[in-house]
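What follows is each chain in one-letter form.
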Amino acid sequence: MAETPTSFPERPSSYDKKIGLVLQGGGALGSYQAGVYEALASSEYLPDWVAGISIGAINAAIIVGNAPEDRLERLRSFWNDITGHPNLWPARLDWPLTAWQRQASAVMALTFGQPGFFAPRQLYDWLSPKKPISYYDTSALKNTLERLVDFDRINSAEDVRLSVGAVNVRTGQFTYFDSANVAIRPEHIMASGALPPGFPPIEIDGEHYWDGGLFSNTPLEYVIDYSPRRSRLTFQVDVFQPAGWFPANLDEAMEREKDIRYSSRMQSCTKAARDKLSSGMRSMSCKNCCRRRLQKLSKPNGSMNLAASPRWTLCSSFIAPPNRKVLPKTMSSAAPQ
């Protein structure tokens, strides 16, 4: 078996691309994103823009909201704090006890919540005249974020940027909260991870927001489409696998369904972004081709020589939407008499 490389190649001094890190939603699978960042932190490719949705938004906030030397420690602290009730389990269990432990941990999370993250609604919530619209309360997450994330650092940083996505409950429109445009608060991060009906919507400036994964589970398109564009190396962490096994029980069937549902959406978004980039490259190629053609028609002093061509035409090519016939724009000029 081939050895896994233990380090990234050195970054050439001439390499001036910006670095992006895109973190999707995925619940507990978000712990793998922390491992990906640990690998990046050991390289010379630290991201200057981190975008996240749902659990990815929380990881992104911890990364951007801390000094580089403190980020891994804060990520470990977050995941160690919220991943269950460790005192109830032995340090190591052998198979098949490990499978039983995972199932029991999931049941305990549903019943008692996760420390520092969410807790089940109390009985008086269900008996009050104003009925709750979520099963859990996430106020503990705000305290966790305020403890682990320096929001002043996020909002004043010039070398790294944070973007998180959420859905407006009233309009159904997808919204990005970007540290380049707005002051990021704990509520913005909580809104990006407010998955209904488990978690309540989060109010921000008079509007309520739910988990951005309801609309799009990856912020890749936002990072690629942002204007002004520039060359950027972007790492996207896929936590759901499209290929898998045939389920042998109900739990595996539910897990496989989730893998297919979310990985297909990720593949669709990635393909759309790739097609858009390819289209842009073709358009740029056409412009360069037209520029070279015009240069060939130029005199040595740079002026246009149209005498040899009584009439010249320049067509701009572009891709038409499906099922629509679009004529190319034409710019023409008659040669002087």
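Residues numbered from 1 in each chain as written. Predicted model: local features only at pLDDT ≥ 70, side-chain atom pairs only at ≥ 80, totals over all residues. Heavy atoms only, no water.

In regular strands, side chains alternate between the two faces of the sheet. As judged from the three bridges shared by strand S5 (residues 161–168) and strand S8 (residues 207–211), these two strands associate in the antiparallel manner. The residue of S8 that forms the bridge with Asn168 is Tyr209. Pairing between strand S7 (residues 202–204) and S8: three bridges, direction antiparallel. What sits directly across from Glu203, in S8, is His208. What sits between the antiparallel neighbours S7 and S8 is a turn of two residues, in which Asp205 has the positive phi angle 50°. (Pairing = 2+ DSSP bridges. Helix = DSSP H or I, 4+ residues; strand = E, 2+ residues; numbered from the N terminus.)

Relative to each other, helix H1 (residues 31–41) and helix H3 (residues 71–82) sit at 165°, their axes nearing to 10 Å. Between H1 and H3, the angle is such that the two are roughly antiparallel. Here the hand of the crossing between H1 and H3 comes out left-handed. Of the residues in H3, those in contact with Ser31, Ala34, Tyr37, Glu38 and Ala41 of H1 are Arg71, Leu72, Leu75, Arg76 and Trp79. Class assignment of the residues belonging to the contact of H1 with H3 gives a composition of six nonpolar, one polar and three charged. (Axes fitted to C-alpha atoms, helices over the stretch in contact; angles between N-to-C directions. Parallel < 35°, antiparallel > 145°, perpendicular 65-115°, else oblique. Left-handed = near helix turned anticlockwise from the far one by under 90°. Contact = heavy atoms within 4.5 Å. Nonpolar A, V, L, I, M, F, W, Y, C, P; charged D, E, K, R; others polar.)

Counted according to the given criterion, the structure contains 13 aromatic pairs. Summarising the aromatic geometry, the rings of Trp49 and Tyr222 are spaced 6.0 Å apart at their centres and angled 80° between planes, so their arrangement reads as edge-to-face. Residue Trp49 is found in strand S2 (residues 49–53), and its partner Tyr222 is found in helix H9 (residues 220–225); the two are separated by 173 residues along the sequence. When sorted by exposure, Trp49 lands in the same class as Tyr222, which is buried. Between Phe174 and Phe215 the ring centres are 5.1 Å apart and the planes differ by 5°, which places this aromatic pair in the stacked class. (Phe/Tyr/Trp six-rings, centres within 6.5 Å; stacked < 30°, edge-to-face > 60°. Buried < 20%, exposed > 50% of the residue type's maximum accessible area, 1.4 Å probe, protein only.)

All right, on to the nonpolar core then. Where a protein is soluble and globular, its nonpolar side chains tend to be buried together. Counting 45 residues, the largest nonpolar core has Ile58, Phe78, Leu162 and Ile189 as its most contacted members. Sorting elements by how many residues they give to this core places helix H2 (residues 55–64) first, with eight residues. (Core = buried A, V, L, I, M, F, W, Y, C linked by side-chain atoms within 4.5 Å.)

Averaged over all residues, the pLDDT of the protein is 79; the fraction at 70 or higher stands at 73%. Counting interchain partners and residues more than four positions distant, the pLDDT-below-50 stretch residues 304–337 has 37 contacts. (pLDDT = per-residue confidence, 0-100.)

Once that is clear, we can look at the side chain of Gln24. You can see Gln24 is positioned in the loop between strand S1 (18–23) and H1. In this structure, Gln24 is in contact with Gln33, Ile53, Ile55, Gly56, Asn217, Thr218, Val237, Asp238, Val239, Phe240 and Met266, ignoring residues within four places of it in sequence.

Its place among the elements puts Phe112 in helix H4 (residues 97–112). Here the alpha-carbon distance between Phe112 and Tyr136, two residues 24 residues apart in the chain, equals 9.6 Å.

Now for the pattern of salt bridges. Using the criterion set out here, one finds eleven salt bridges in the structure. Of the charged contacts in the structure, one is a salt bridge between Arg121 and Asp137, with a shortest N-O distance of 3.9 Å. A residue pair is termed long-range when its members are at least 10 positions apart, and Arg121 in the loop between strand S3 (119–120) and helix H5 (123–127) and Asp137 in strand S4 (residues 136–137) qualify at 16 residues. We classify Arg121 as partly exposed; its relative accessible area is 22%. Look at Asp137 and you get partly exposed, because its relative accessible area is 29%. Between Arg256 and Asp259 there is a salt bridge, with the nearest N and O atoms lying 3.9 Å from each other. Highlighted residues: Arg256 and Asp259, both in helix H10 (residues 250–296), separated by three residues, approximately one helical turn. Connected through salt bridges with shared partners, the residues Lys142, Arg185, Glu187 and Asp205 form a single ionic network. (Salt bridge = Lys/Arg side-chain N within 4 Å of Asp/Glu carboxyl O.)

Position of Asp125 relative to the elements: it lies in helix H5. Among buried Asp, Glu, Lys and Arg side chains, Asp125 stands out as unpaired, with Arg121 the closest opposite charge at 4.4 Å. When sequence neighbours within four positions are dropped, the list of residues in contact with Asp125 reads Lys130 and Pro132. (Lys, Arg positive; Asp, Glu negative; His and termini not counted.)

On to H3, then. For H3, built from twelve residues, the straight-helix expectation of 16 Å at 1.5 Å per residue is met to within 8% by its first-to-last C-alpha distance of 17 Å. Taken residue by residue, H3 has Arg71, Leu75, Phe78, Trp79 and Ile82 as its buried positions. Each buried residue of H3 lies within a common arc of 90° when the element is viewed along its axis, so the set occupies one face. Facing away from the buried side of H3 by more than 90 degrees, the exposed set consists of Glu73 and Asn80. Buried-residue contacts for H3 involve H1, H2 and helix H6 (139–148). (Expected span 1.5 Å × (residues − 1). Arc of directions from axis to C-beta.)

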